[in-house]
Amino acid sequence: MCGIVGYIGHRQAAPIVMEGLKRMEYRGYDSAGLCVLEQGNLLVYKRAGKVSQTESLLDYTTMHSTLAIGHTRWATHGEPNDINAHPHTDNSGKISLIHNGIIENYSSLKKKLISEGYTFSSDTDTEVLAVFIGHLYERTGDFELAVRSALSEVDGTFGLAVLCADQPDTLIAARRGSPIVIGIGDGEYIAASDAAAIIQHTRQVIYLNDDEMAVMHRSGYVTKTIDDREIDGEIHEIDFDIEQMEKGGFDHFMLKEIYEQPATFKDAIRGRLLVEDGNVKLGGLRPIEDKLRKARRIIILACGTSWHSGLVGEYMIEQLARIPVEVEYASEFRYRSPVIYSDDVIIAISQSGETADTMAAMKEAKLKGATVMGIVNVVGSTIARESHAGVYTHAGPEIGVASTKAFTSQIAVLSLLALHLGRMNQVSQTQGKVIAEALRAIPDQIEKILQTSDAIKEIALQYSHVTNFLYLGRGFNFPVALEGALKLKEISYIHAEGYPAAEMKHGPIALIDENMPVVIIATKDEVYEKVISGIQEVRARRGKVIAIATEGDMSIAEYADHVIYIPATLPMLTPALTVIPLQILAYAIAAQRGCDIDKPRNLAKSVTVE
Ligand code: F6R
């Protein structure tokens, strides 16, 4: 979603800001813009489309500014065009603003400002904020005060950076609900919405909290609250390398990330598995260990792919720990007055740690007294910092918009958690050891599936022209059916639905004819025979069956048009394996259709608005 970069220092600012915007392109956007301060004037360059289109407007040889802000926009208010792109300036042309989030009271503010004679050229809420700051600056002549006063009057969310033409030595950044990271260099500072834009220049960062701002000058910076109380911003170290942000020889980030999964799964369990004890060690849970032991219920909150891993987690935790688990769409949970007890433990699952719905749902749960733990990938992200305790998934930066390695890492962490809770309850050391050994084998098993990717791509070629797909799975693999369908629709734009296999006969069976490919996860487990009946029902209606089966199951070839094998593991761990061929299938179909796989239309990597 929208990206922010602001630079103040001694180097030419424009190329640094534009490079930062390119590093954040993966987040998804529809327009881009830059503002530099050249000889007392704010110059704005912006265009709908790619960052490169804005960059084509620039001639770096004629630019000297060491202060600049830049933005990639994902439209919320107003269509994606040149005018609505950020930065936005006030009526005097002295204030320039880039903004992520939504100003909820922009309409009443706009009316008030129009009645005072101000004019607007865009449809955006951001321009209203720029004009409002400009109005307060005209009255007070104090840039910082104008920003603080404006921000205390607006409702909604913001991550922003703002410049003033009269203040060539000041860059201000602030946040409420939308992330801002401040990179601290040597006499230079970079404010960004994502550490990806900073890593090239410095590893030292401060994560702003809600209602905090940073006022940066070349000689130093202060962090303070929006109501003007100075605070000590804790300095953190960025934990990933620039190489992790590159494609490394793969055609797409998504493919690279699919292939990283043996390593990322290993990283998620590394140092946490006590195989001989049949147990796990999760240091991040220490603060809530007692709450976990006494939890009457667990509620998992997440969105999208993370919600799917939450469903797998539900099955695992209920099976091993016998604690009731509910999995909720974070967006629904926050608005339906949920019943929450103080002995509930909430698990917020998020790759980015910045998903607005998950953050809001988690806040709601905290407000009602529940204990919140996070399962998060991005270190230092808001959900990670605002949880009472948590476990990082350690998957490294996930750049492809379609989530892959984050899903399997979440499965890894959820299986560790289920085992941990299980050992507190009814799981014996011997049973625990079996699970731990099976978990340890998963990375090599993923590797083995990846070696069959050419055969999966062959299957993809045969179905890349279809308009519909159905995905079926049962038990632990029902969420994988949902995830397989989501992957396909996100990147290939083919309509795909996931269903619990047994539900097919209650409706979706009406869709089946010779043009309908049905992906059925039919691994050897307690529901295998039932799933085979489902396959027969599809075949009887001439549907095409692509079965995901367990190695050694030769008989399934009789019923299916295509069989993709995965190595045998415990039923609870099959999702970490069955999802791999579905990721490859979706990728190969989308590649065959010539889709923009890493940046699918209309999608954003982290959804920081409601
Ligand atoms: C799917 C996908 C999205 C995210 C969802 C939640 O491929 O990427 O469905 O899973 O937006 O994002 P996080 O996990 O960052 O909270």
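Residues numbered from 1 in each chain as written. Predicted model: local features only at pLDDT ≥ 70, side-chain atom pairs only at ≥ 80, totals over all residues. Heavy atoms only, no water.

*Asks:* How should the environment of Gly 498 be read in this particular structure?
*Replies:* Looking at where Gly 498 falls in the secondary structure, it is placed in strand S24 (residues 495–500). A residue is classified by how much of its surface remains accessible, and Gly 498, at 19% relative accessible area, is buried. In the structure, Gly 498 is positioned 14 residues away from Gly 484 in sequence and 7.4 Å away in space, judged by C-alpha atoms. Each residue touching Gly 498, except ones within four places of it in the same chain, is listed here: Tyr 471, Ala 481, Leu 482 and Ala 485. (Helix = DSSP H or I, 4+ residues; strand = E, 2+ residues; numbered from the N terminus. Buried < 20%, exposed > 50% of the residue type's maximum accessible area, 1.4 Å probe, protein only. Contact = heavy atoms within 4.5 Å.)

*Asks:* Got a minute to help me understand the site of the ligand in this structure?
*Replies:* Contacts to the ligand come from 14 residues, most closely from Ser 306, Ser 350, Gln 351, Ser 352 and Thr 355. Take Ser 352: an N or O atom from its side chain is 2.7 Å from an oxygen atom of the ligand. With respect to the ligand, the backbone of Val 401 contributes an N or O atom lying 3.2 Å from an oxygen atom. For the shell around the ligand, a count of residues per class yields 4 nonpolar, 8 polar and 2 charged. (Near = heavy atom within 4 Å. Polar contact = N/O pair within 3.5 Å; in protein donor to acceptor, adjacent residues only side chain to side chain. Nonpolar A, V, L, I, M, F, W, Y, C, P; charged D, E, K, R; others polar.)

*Asks:* I would appreciate a short explanation of the pairing of strand S9 (residues 181–184) in the present structure.
*Replies:* With burial as the criterion, each face of S9 is covered, one bearing Val 181 and Gly 183 and the other bearing Ile 182 and Ile 184. As paired strands, S9 and strand S10 (residues 189–192) are joined by 4 bridges and run antiparallel to one another. In the sheet register, Val 181 faces S10, and the bridge partner there is Ala 192. Between S9 and S10, which pair antiparallel in sequence order, lie 4 residues; one of them, Gly 187, sits at a positive phi of approximately 70°. (Pairing = 2+ DSSP bridges.)

*Asks:* What exactly am I supposed to notice about the packing of aromatic side chains here?
*Replies:* Geometrically, a pair of aromatic rings is defined through the distance of the ring centres and the angle of the planes. Under the criterion given, the structure shown has 6 aromatic pairs. Here the aromatic rings of Tyr 463 and Phe 469 are separated by 6.3 Å at their centres, their planes lie at 70°, and the arrangement is edge-to-face. As far as burial versus exposure is concerned, Tyr 463 and Phe 469 are alike and both buried. In textbook terms, an aromatic cluster arises when at least three aromatic residues are bridged by ring pairs, as seen for Tyr 463, Phe 469 and Tyr 471. Geometry around Phe 120 places Lys 110 over its ring, the cationic atom sitting 5.2 Å from the centre. (Phe/Tyr/Trp six-rings, centres within 6.5 Å; stacked < 30°, edge-to-face > 60°. Lys NZ or Arg CZ within 6 Å of the ring centre and 35° of its normal.)

*Asks:* How should the domain arrangement of the protein be read in this particular structure?
*Replies:* A common way to express how large an interface is: the accessible area buried when the components associate. Domain assignment breaks the protein into domain 1 (3–238), domain 2 (247–449) and domain 3 (452–610). Of note, the centres of domain 1 and domain 3, computed from C-alpha atoms alone, are 44 Å apart. Taken together, the contact between domain 1 and domain 3 spans 11 residues of the former and 10 residues of the latter. In this assembly, domain 1 packs against domain 3 so that about 870 Å² is buried in total across both faces, 56% of it on carbon and sulfur atoms. By the criterion of area lost to domain 3, the three top residues of domain 1 are Tyr 26, Arg 27 and Trp 74, representing 49% of everything that side buries. For the pair domain 1 and domain 3, the number of links is 1 salt bridge. (Domains from an automatic or database assignment. Buried area = accessible area lost by both parts, 1.4 Å probe. Salt bridge = Lys/Arg side-chain N within 4 Å of Asp/Glu carboxyl O.)

*Asks:* Please clarify how empty space enclosed by the protein should be interpreted in this entry.
*Replies:* Where empty space is left in the structure can be found by rolling a water-sized probe over the atoms. All chains considered together, the criterion is met by 2 cavities of 30 Å³ or more. The calculated volume of the second largest cavity comes to roughly 40 Å³. In terms of lining residues, the second largest cavity is bounded by Arg 474, Asn 477, Ile 521, Ala 522, Thr 523, Asp 525, Val 527, Tyr 528 and Val 531. Its residues placed into classes, the lining of the second largest cavity shows 5 nonpolar, 2 polar and 2 charged. (1 Å grid on protein atoms, 1.4 Å probe; cavity = no way out; pocket = protein on both sides within 12 Å on 5 of 7 lines; lining within 4 Å. Points joined across faces, edges and corners; volume = space filled by probe spheres on them.)

*Asks:* Where do I start with the pattern of salt bridges in this structure?
*Replies:* Scanning the model with the defined rule gives 32 salt bridges in all. Here Lys 224 makes a salt bridge to Glu 144, at a shortest N to O gap of 2.6 Å. Separated by 80 residues along the polypeptide, Lys 224 in strand S13 (residues 220–225) and Glu 144 in helix H5 (residues 143–153) bring together distant segments of the chain. Residue Lys 224 is classed as buried on the basis of its relative accessible area, which comes to 8%. Residues Asp 357 and Arg 334 are paired through a salt bridge, measuring 2.9 Å at the closest nitrogen-oxygen approach. With a gap of 23 residues between them, Asp 357 in helix H11 (residues 356–367) and Arg 334 in the loop between helix H10 (330–333) and strand S20 (344–350) connect regions that are remote in the sequence. Accessibility assignment for this pair places Asp 357 and Arg 334 in one class, buried. Each of Glu 144, Arg 148, Lys 224 and Asp 228 takes part in one network of salt bridges that share partners.

*Asks:* Can you help me understand the environment of Gln 204 in this one?
*Replies:* Positionally, Gln 204 belongs in strand S11 (residues 204–207). Separated by 145 residues in sequence, Gln 204 and Ile 349 have C-alpha atoms that sit 26 Å apart. Those residues within four positions of Gln 204 in sequence are excluded, and the remaining contacts are Ile 182, Gly 183, Ile 184, Ile 235, His 236 and Glu 237.

*Asks:* In this structure, what is going on with the side chain of Thr 124? I would like to understand it.
*Replies:* Tracing the sequence through the fold places Thr 124 in the loop between helix H3 (106–115) and helix H4 (125–140). Polar contacts involving the side chain of Thr 124 include one to the side chain of Ser 122, which spans 2.8 Å. Here Glu 127 takes part through its backbone nitrogen, which lies 3.1 Å from a polar atom of the side chain of Thr 124.

*Asks:* How should I be thinking about the nonpolar core in this particular structure?
*Replies:* A general feature of soluble globular proteins is that nonpolar side chains tend to end up buried together. One finds Leu 285, Ile 298, Ile 317, Ile 347, Phe 469 and Tyr 471 to be the most contacted residues of the largest nonpolar core, which totals 93 residues. Among the elements that take part in this core, helix H18 (residues 575–592) stands out by supplying 12 residues, more than any other. Three or more residues apiece are contributed to this core by two domains, here domain 2 (247–449) and domain 3 (452–610). Residues contacting Phe 469, with those up to four places away along its chain left out, are Tyr 463, Leu 488, Ile 494, His 495, Ala 496, Glu 497, Met 516, Pro 517, Val 519, Ile 546 and Ile 589. With 33 residues, the next largest nonpolar core counts Tyr 26, Ala 192, Met 245 and Ile 399 among its residues. (Core = buried A, V, L, I, M, F, W, Y, C linked by side-chain atoms within 4.5 Å.)

*Asks:* Would you explain the sheet that holds strand S18 (residues 297–302) in this entry?
*Replies:* Picture the strands of a sheet paired through backbone hydrogen bonds; they go either parallel or antiparallel. With parallel pairing, 5 strands are arranged side by side in an open sheet as S19-S18-S20-S21-S22. In this open sheet, the two edge strands, each paired with only one partner strand, are strand S19 (325–329) and strand S22 (389–392). Taking the axes of each pair of neighbouring strands and ignoring which way they run, one obtains an average angle of 20° across the sheet. Bridge count between S18 and S20: 5 bridges; the pairing is parallel. Bridge pairing in S20 places Ile 298 opposite Val 345. (Axes fitted to C-alpha atoms, helices over the stretch in contact; angles between N-to-C directions.)

*Asks:* Honestly, the environment of Glu 104 in this entry has me stumped. Any pointers?
*Replies:* In this fold, Glu 104 is placed in the loop between strand S6 (95–100) and H3. Residue class for Glu 104 comes out exposed when judged on its relative accessible area of 54%. Not counting the four nearest positions on each side in its chain, Glu 104 is found in contact with Asp 155 and Gly 156.

*Asks:* How do you make sense of H18 when you look at a structure like this?
*Replies:* Given 3.6 residues per turn, any residue in an α-helix points the same way as the ones three and four places further on. Spanning 18 residues, H18 covers 26 Å between terminal C-alpha atoms, matching the ideal 26 Å at 1.5 Å per step. Counting buried positions along H18 gives 16 out of 18 residues, so the element sits mostly inside the fold. Note on H18: the residue one or two positions beyond its end, Gly 594, has a positive phi of about 75°. (Expected span 1.5 Å × (residues − 1).)

*Asks:* I keep staring at the pairing of S13 and nothing clicks. Help me out?
*Replies:* Two faces make up the sheet, and in a regular strand the side chains alternate between them. Note that strand S12 (residues 212–217) and S13 share 6 bridges and pair antiparallel. Paired with His 217 across the bridge in S13 is Gly 220. The turn joining S12 and S13, which pair antiparallel and follow one another in sequence, is formed by 2 residues. Sheet topology places S13 next to strand S14 (residues 230–231); 2 bridges connect them, and they run antiparallel. Bridge assignment links Lys 224 to a residue of S14, and that residue is Glu 230.

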